[in-house]
Amino acid sequence: QVQLVESGGGLVQPGGSLRLSCAASGFTLQSRAIGWFRQAPGKEREAVSCISSRDGSTYYAESVKGRFTISGDNAKNTVYLQMNSLTPEDTAVYYCAQKHTPSGDFDSWGQGTQVTVSS
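In this text the structure is predicted, and so the values were computed from the model without any measurement.

Caption draft 1: Representation of the state of the cysteines. The full count for this structure, using the stated rule, is one disulfide. One disulfide in the model links Cys22 with Cys96; its S-S distance is 2.1 Å. Linking Cys22 and Cys96, the disulfide has an S-S dihedral of approximately 65° and is accordingly described as right-handed. Separated by 74 residues along the polypeptide, Cys22 in strand 3 (residues 18-26) and Cys96 in strand 9 (residues 92-99) bring together distant segments of the chain. Exposure remark for Cys96: the relative accessible area of 0% places this residue in the buried category. Cysteine Cys50 shares no disulfide, and the gap to the nearest cysteine sulfur, in Cys96, comes to 11 Å. By relative accessible area, which is 14% here, Cys50 ends up buried.

About the criteria used
Sequence order sets the numbering: in each chain, residues are counted from 1 along the sequence as written. Since the coordinates come from a predicted model, pLDDT governs what is reported: local features require at least 70, and pairs of side-chain atoms require 80 or more to be given and counted, while whole-chain, interface and lining totals use all residues. Only hydrogens and water are set aside when side-chain values are computed; all heavy atoms of the structure are taken into account. The disulfide definition used here is simple: a pair of cysteine sulfur atoms within 2.5 Å. Each helix is a run of DSSP H or I of at least 4 residues and each strand a run of E of at least 2, with the numbering of both proceeding from the N terminus. Three exposure classes are used, based on accessible area relative to the maximum for each residue type with a 1.4 Å probe and protein chains only: buried under 20%, partly exposed in between, and exposed over 50%.

Here's what the structure looks like:
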């Protein structure tokens, strides 16, 4: 069983920055991709960014391109999401997730970390 733990959320002013971390433990050798998702009250969950565990290729939602950067550490057991130029529309609970096949569903999830952007 893979365990994912998010951290780094908090309250930040508009225009500010946060860096989220997703630490993985347990069996991770079958990982194919790590993704960051977010969900705000009354809205559907949306994919924010993903990174391939094999070649490091990345994906970004149009709403965060140029502002967010996804990266991993040398051991590929921690993934980061650097978030810059934050706006109130970025307020949500952010989740990291892992999938184990190239085209499969994300089937391992963390518990989430709250990001609030407010003045």
